[in-house]
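Each chain, written out:
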Amino acid sequence: MKTAVIVFPGSNCDQDMYYAIKDGLGEEVDYVWHAETSLDGYDAIMIPGGFSYGDYLRSGAIARFAGIMPAVIEAANQGKPVLGVCNGFQILLEAGLLPGAMLKNKHLKFICDMVNLKVENNQTQFTKLYDKNEIIGIPIAHGEGNYFCDDATLKELQDNNRIVFTYSGENPNGSRADIAGIINPAGNVLGMMPHPERAADALLGSADGLRLFQSILNHWRESTHAAYTS
């Protein structure tokens, strides 16, 4: 599996994501600069956390218009896995690949902490190696992680099992319905505020995030094998 980690001006979790793939999975991975216009040859796309373009105007609002974004949208439409973490989630929202918006945290403060997440849906290509309702420890680091959507969107997310992760116990940012991560209708685009790449090795305090990347790899291998044998 060959993975692209998109790098924007202000990205600061790109190296974490890179090494989660390179060292955690032992798979091929490249940094791809935001000004590039093609993602041909890549099997998975990762949009890391940080403060793209300094979060000016609104988190992810400028990055959404970067040269690489049409290629990200094309990859998503082709069914390739696209993972957006923290600022990456915000960018996916701004690009319209996922519904809703991010507001400032309920206490209007930046939060950097380890949180407990509940795996609401373990039947996605990102979560197959988790148990349903499993509680995992994943760190957060954001100032605008308060997920908001209207009533109709929330009902659609709930009715179609598109809420993948929720905060278990205390909701750190005020996110509606405790939402921490959601997927698109096709199930190949995941946005989440917590950082699995920062929980990919026990030395970091938790290895719970590594199974997310392993799930992606397993799904890719199964899909590739099926394509070759069909």
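Our subject is the structure that appears above.
Bear in mind that the values here come from a model prediction, so they are computed numbers and not experimental data.

On to the overall build of the protein, then. Scanning the protein for helices and strands turns up five helices and eleven strands. Taking 230 residues into account, the globule formula puts the C-alpha radius of gyration at 17 Å, and the protein, at 16 Å, falls close to it. For the C-alpha atoms alone, the extent of the protein along its principal axes is close to 50 × 40 × 40 Å. Looking at the 230 residues of the protein, the share that counts as buried comes to 53%. Across the protein, every contact between residues at least 6 apart in sequence was considered, and the portion connecting residues at least 24 apart equals 73%. When the accessible area of the protein is evaluated, it comes to approximately 10,000 Å², of which 50% is carbon and sulfur surface.

Let's shift gears to the side chain of Ser-215. Along the polypeptide, Ser-215 turns up in helix H5 (residues 210-229). According to the relative accessible area criterion, Ser-215 is buried, its value standing at 2%. Not counting chain neighbours up to four residues away, the residues in contact with Ser-215 comprise Gln-125, Phe-126, Thr-127, Lys-128 and Leu-129.

Turning to its location among the elements, His-142 is positioned in strand S7 (residues 135-142). Relative accessible area serves as the criterion here: at 2%, His-142 is assigned to the buried category. Among the polar contacts listed, one links the side chain of His-142 to the side chain of Asn-173, at a separation of 3.0 Å. In contact with His-142, not counting residues within four places along its chain, are Cys-86, Asn-105, Lys-109, Phe-110, Ile-111, Tyr-167, Asn-173 and Met-193.

Glancing now at the environment of Ser-175. Here Ser-175 is to be found in the loop between strand S9 (163-167) and strand S10 (179-183). Overall, the relative accessible area of 3% leaves Ser-175 in the buried class. Placed 72 residues apart in sequence, Ser-175 and Leu-103 show a C-alpha to C-alpha distance of 8.5 Å.

Considering all chains together, one arrives at twelve salt bridges under this definition. Arg-221 is the partner of Glu-27 in a salt bridge, and the nearest nitrogen-oxygen pair spans 3.3 Å. With Glu-27 in the loop between helix H1 (14-25) and strand S2 (28-33) and Arg-221 in helix H5, this pair connects stretches of sequence that are 194 residues apart. Across the salt bridge formed by Asp-151 and Arg-176, the nearest N and O atoms sit 2.5 Å from each other. Here Asp-151 is found in helix H4 (residues 151-159), whereas its partner Arg-176 is found in the loop between S9 and S10, with 25 residues between them in sequence. Judged by relative accessible area, Arg-176 falls into the partly exposed class, the value being 25%. Overlapping salt bridges, with partners in common, bring together Lys-2, Glu-28 and Asp-30 in one network.

How each quantity is defined
Residues numbered from 1 in each chain as written. Predicted model: local features only at pLDDT ≥ 70, side-chain atom pairs only at ≥ 80, totals over all residues. Heavy atoms only, no water. Helix = DSSP H or I, 4+ residues; strand = E, 2+ residues; numbered from the N terminus. Rg over C-alpha atoms; globule rule 2.2 N^0.38 Å. Buried < 20%, exposed > 50% of the residue type's maximum accessible area, 1.4 Å probe, protein only. Contact = heavy atoms within 4.5 Å. Areas by Shrake-Rupley, 256 points an atom, 1.4 Å probe, with all protein chains shown as cover. Polar contact = N/O pair within 3.5 Å; in protein donor to acceptor, adjacent residues only side chain to side chain. Salt bridge = Lys/Arg side-chain N within 4 Å of Asp/Glu carboxyl O.

By themselves, these figures tell us nothing about what the structure is for.
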